[in-house]
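Listed here are the chains, written in short residue letters.
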Number of protein chains: 2
Amino acid sequence: MSVGTGGRGLDDGDQQSPRPTRRRGGRPGGGRATISRVADVAGVSRATVSRVMNGTSTVAPELVARVRAAAEALDYEPSPVARSLALGRTSTVSLIVPDLANPMFQDVLRGLSAAAGEAGHRLLVAESNENVEEESILAVEARRRSDGLVLASPRAPEAELRALSERLTPLVLLNREIPGSNVPSLSVDYAAGIREIVAHLLGYGHRHLVYLAGPDASTSNQDRVAALRAAAAADGFKLTELPCGAMFEDGHAVARAALDTGATAIVAYNDMVAFGTLSGLHELGVSVPRDISITGFDDIPFARYTTPPLTTASIPRNELGRQAWGRLWALMNGEPAGHNVRFQPRLLVRDSTGPVPEAGRQEEP
Amino acid sequence: MSVGTGGRGLDDGDQQSPRPTRRRGGRPGGGRATISRVADVAGVSRATVSRVMNGTSTVAPELVARVRAAAEALDYEPSPVARSLALGRTSTVSLIVPDLANPMFQDVLRGLSAAAGEAGHRLLVAESNENVEEESILAVEARRRSDGLVLASPRAPEAELRALSERLTPLVLLNREIPGSNVPSLSVDYAAGIREIVAHLLGYGHRHLVYLAGPDASTSNQDRVAALRAAAAADGFKLTELPCGAMFEDGHAVARAALDTGATAIVAYNDMVAFGTLSGLHELGVSVPRDISITGFDDIPFARYTTPPLTTASIPRNELGRQAWGRLWALMNGEPAGHNVRFQPRLLVRDSTGPVPEAGRQEEP
DNA sequence: GTGAAAGCGCTAACAA
DNA sequence: TTGTTAGCGCTTTCAC
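The shown structure was predicted, so the numbers you read here are calculated from the model rather than taken from an experiment.

## Overview of the interface of chain A and chain B
Listed by partner, the interface residues are 53 residues for chain A and 51 residues for chain B. Summed over both sides, the interface of chain A with chain B buries roughly 5,400 Å², with 57% coming from carbon and sulfur. Among the residues chain A hides against chain B, the three largest losses belong to Arg122(A), Arg144(A) and Tyr305(A). Together they make up 16% of the total. Applying the counting rule to chain A against chain B returns four salt bridges. Linking Arg122(A) and Glu141(B) is a salt bridge whose minimum nitrogen-to-oxygen distance equals 3.1 Å. Across the chain A-chain B interface, the total number found is 15 residue pairs in polar contact (both at pLDDT 80 or more). Among the secondary structure elements, those contributing two or more residues to the side of chain A that touches chain B are α4 (80-87), α5 (103-118), β2 (122-127), α6 (132-144), α10 (248-253) and α12 (271-283) of chain A. At six residues, α4(A) tops the list of elements feeding residues into the side of chain A that touches chain B. Residues of the side of chain A that touches chain B, tallied by class, amount to 20 nonpolar, 20 polar and 13 charged.

Structure below.
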């Protein structure tokens with residue numbers, strides 16, 4: 001534990017203190033010069049140093065020069081921690097996501113990081129590992145270390161989320177809404193995306209779709225399922241649901257089963273699943289889209305390079321991150337929450353979908 | 001700016017202050033109860049509250065109860081910022097990477113985040129956008145907000161890095177070493193990976209390889225190039241170098257050109273490039289590995305699901321992040337730096353490589 | 001075992 | 001314009 005750096009001068013500044021001043025061992029930030037030191041060296045008060053460092057107020061040119069020189073010489077850099085305490089803000093925002101392996105959140109992270117960075121803010125990230133209880137602890141803590149929070153919490157029960165939301169403002173929600181609250185929310189209209197995919201497939205004559213379901217608990221999967229069922233009921237096609245998952249291997253593992261349902265088109269939970277399935281299908285000697293069609297969701301970067309390129313619904317992942325920053329920034333400045341926005345996925349028709357095969361290809365081998 | 005919550009009692013605690021105490025508008029962390037408030041409510045001193053909250057020292061059971069009750073009632077949560085200032089540590093570490101879009105760094109991020117999280121530390125991330133100047137500013141600032149820094153700086157000139165490294169300790173370097181310094185470094189032995197790939201290809205009879213080069217400035221590309229050239233010289237095979245890039249589209253764009261070199265095997269900078277090229281090759285009607293072989297690098301998750309599955313060199317990206325945490329933690333506790341480690345890639349032979357084709361397949365269409 | 005008080009490094013109101 | 005001083009919210013000696 002102990003760092004052992006007892007040194008660095010036992011009493012600098014504060015010469016009026018009655019007893020020798022206590023100095024702690026570990027130095028928080030690497031750089032060690034403090035504002036007092038600079039003030040001493042420059043022969044001015046700490047307030048003046050502060051003024052110079054912040055370019056605030058107007059200081060006599062000569063003093064400015066002296067302070068700058070001292071700061072330079074001492075390699076002084078104001079302590080962000082001390083400033084945070086004094087100012088009541090940290091110039092940091094937090095992002096909490098269930099799973100950093102998810103390309104969706106990776107891009108949100110990128111967008112948020114870039115946007116916040118441009119505004120001179122830092123980003124604290126934490127992964128909740130899909131663990132709801134841990135998540136609230138994490139959220140509260142992260143929030144207190146920062147000025148605002150972007151939270152992607154696909155699993156937390158609504159009541160819990162609602163209760164939490166108060167202590168978390170400024171807060172922006174991703175892919176969740178709290179009905180009746182004024183917590184801004186940015187989400188993807190998965191249902192709309194699914195409807196586009198379905199329409200596209202029906203247009204090709206498909207009448208039996210199999211859905212490779214994502215994680216049960218995730219709202220984004222629930223949205224898709226609901227949209228699919230509604231469409232099946234409304235449009236009168238057959239829908240088979242197959243539990244699957246969210247990753248390559250899940251899709252790969254379920255290829256055979258998907259085929260065996262007799263469906264003529266596969267609607268995968270996302271692109272990774274679709275890709276895994278595609279791979280499995282290849283291995284089974286099945287030709288896409290001649291024998292069966294398949295769609296993804298998300299349009300992650302490689303989706304247009306698969307063989308055949310994947311028909312999918314694109315969502316503006318990066319933009320979500322940037323917009324999240326925009327909302328947060330507004331909130332942090334006391335502006336009103338504004339309307340929630342739901343990004344509409346855009347259908348990208350590529351080559352993994354095609355007309356329904358003439359004869360049954362699966363029933364009689 | 002102003003939040004407008006002027007309230008929350010103008011003078012709690014500090015009743016000995018001669019003039020009315022000043023209260024700031026913005027409240028830093030959402031939760032608002034302070035230690036003084038809790039102390040007042042519990043009828044004890046702030047010191048005692050502190051002791052109870054930290055489970056330190058031994059406090060009379062009755063007082064503990066009173067404090068806990070008060071804290072509970074007030075929904076009190078100690079301010080991390082204030083603690084950071086008082087303790088001289090932030091329980092946060094920083095990660096700076098050139099590019100968050102790079103799967104390599106995404107995984108490092110995950111590993112680091114997970115490991116740090118388990119140890120009760122938070123993670124600050126920043127992207128330097130390959131911008132060397134900005135990077136040093138960022139690094140210093142991030143470092144001061146945290147207790148240690150993990151830095152991936154593939155481009156910074158060595159001198160600059162060396163100069164910087166002092167103000168950055170505890171510091172762990174990724175894929176960079178500072179010769180003669182004691183800054184711990186974790187890196188991937190790209191050269192070794194390349195040598196394995198080359199040996200594998202030579203074993204199949206290939207005598208003309210084309211390398212799809214990554215970004216010029218990146219050391220990881222330079223390592224590969226150097227290893228390739230050395231091998232070409234030593235083993236007497238022909239090596240063609242083709243400028244390419246690091247992304248899918250780069251690989252895709254260069255497929256035709258790669259083919260035109262007449263090489264019988266393609267060594268791609270990484271998996272994404274290989275996948276892009278594979279896609280381009282498919283479109284050109286070229287069969288892999290019958291007509292030409294191709295290798296990737298990294299073994300990113302989808303590499304085993306491409307068609308055909310990609311022969312590549314796997315590197316422990318996640319482990320890099322975890323180990324980085326381990327090193328940082330050691331450093332933060334004043335332990336010595338230890339030896340640098342270079343992770344050896346492991347060759348994964350899959351189906352994108354095969355024997356050299358019998359006849360020239362490209363020369364006469 | 002508990003409280004008083006000094007201190008972490010900075011900012012800002014106020015007075016000079 | 002500049003310095004003095006109180007304060008941000010917490011921890012930790014030191015004395016009782």
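## Some remarks on empty space enclosed by the protein
In total, this model carries seven cavities of 30 Å³ or more according to the counting rule given. In this model, the largest cavity occupies a volume close to 200 Å³. What lines the largest cavity is a set of 13 residues, and nearest its centre among them are Thr90(A), Thr92(A), Arg145(A), Thr92(B) and Arg145(B). For the lining of the largest cavity, the elements supplying multiple residues, two or more each, are α4 of chain A together with α4 (80-87) of chain B. When residues in the lining of the largest cavity are grouped by element, the largest group, three residues, is from α4(B). Looking at the lining of the largest cavity residue by residue, the class counts come to five nonpolar, six polar and two charged. By volume, the second largest cavity is sized at about 80 Å³. Surrounding the second largest cavity, 14 residues form its lining, Phe275(A), Thr307(A), Phe275(B), Thr306(B) and Thr307(B) being those nearest its centre. Broken down by secondary-structure element, the contributors of at least two residues to the lining of the second largest cavity are α12 of chain A together with α12 (271-283) of chain B. Looking at side-chain class alone, the lining of the second largest cavity contains six nonpolar, eight polar and no charged residues.

## What to know about the pairing of strand β5 (residues 185-188) of chain B
Residue and element names in this part refer to chain B. Side-chain alternation along β5 places Ser185 and Ser187 on one buried face and Leu186 and Val188 on a second face that is also buried. Bridge count between strand β4 (residues 171-174) and β5: two bridges; the pairing is parallel. If you follow leucine 174 over to β5, its bridge partner there is leucine 186. Taken together, the three bridges between β5 and strand β11 (residues 341-343) define a ladder with parallel strand orientation. Paired with serine 187 across the strands is arginine 342, a residue of β11.

## A closer look at the UniProt feature "domain: HTH lacI-type" (unreviewed entry) in chain A
Mapped onto this structure's residue numbering, the UniProt feature "domain: HTH lacI-type" (unreviewed entry) falls at residues 33-87 of chain A. Along residues 33-87 of chain A, the helical share is 71% and the strand share 0%, with 20 Å between the first and last C-alpha atoms.

Criteria and cut-off values
- Residues numbered from 1 in each chain as written.
- Chains lettered and ligands numbered in written order.
- Predicted model: local features only at pLDDT ≥ 70, side-chain atom pairs only at ≥ 80, totals over all residues.
- Heavy atoms only, no water.
- Contact = heavy atoms within 4.5 Å.
- Buried area = accessible area lost by both parts, 1.4 Å probe.
- Salt bridge = Lys/Arg side-chain N within 4 Å of Asp/Glu carboxyl O.
- Polar contact = N/O pair within 3.5 Å; in protein donor to acceptor, adjacent residues only side chain to side chain.
- Helix = DSSP H or I, 4+ residues; strand = E, 2+ residues; numbered from the N terminus.
- Nonpolar A, V, L, I, M, F, W, Y, C, P; charged D, E, K, R; others polar.
- 1 Å grid on protein atoms, 1.4 Å probe; cavity = no way out; pocket = protein on both sides within 12 Å on 5 of 7 lines; lining within 4 Å.
- Points joined across faces, edges and corners; volume = space filled by probe spheres on them.
- Buried < 20%, exposed > 50% of the residue type's maximum accessible area, 1.4 Å probe, protein only.
- Pairing = 2+ DSSP bridges.
- UniProt positions renumbered as here; feature names shortened; annotations may be inferred.

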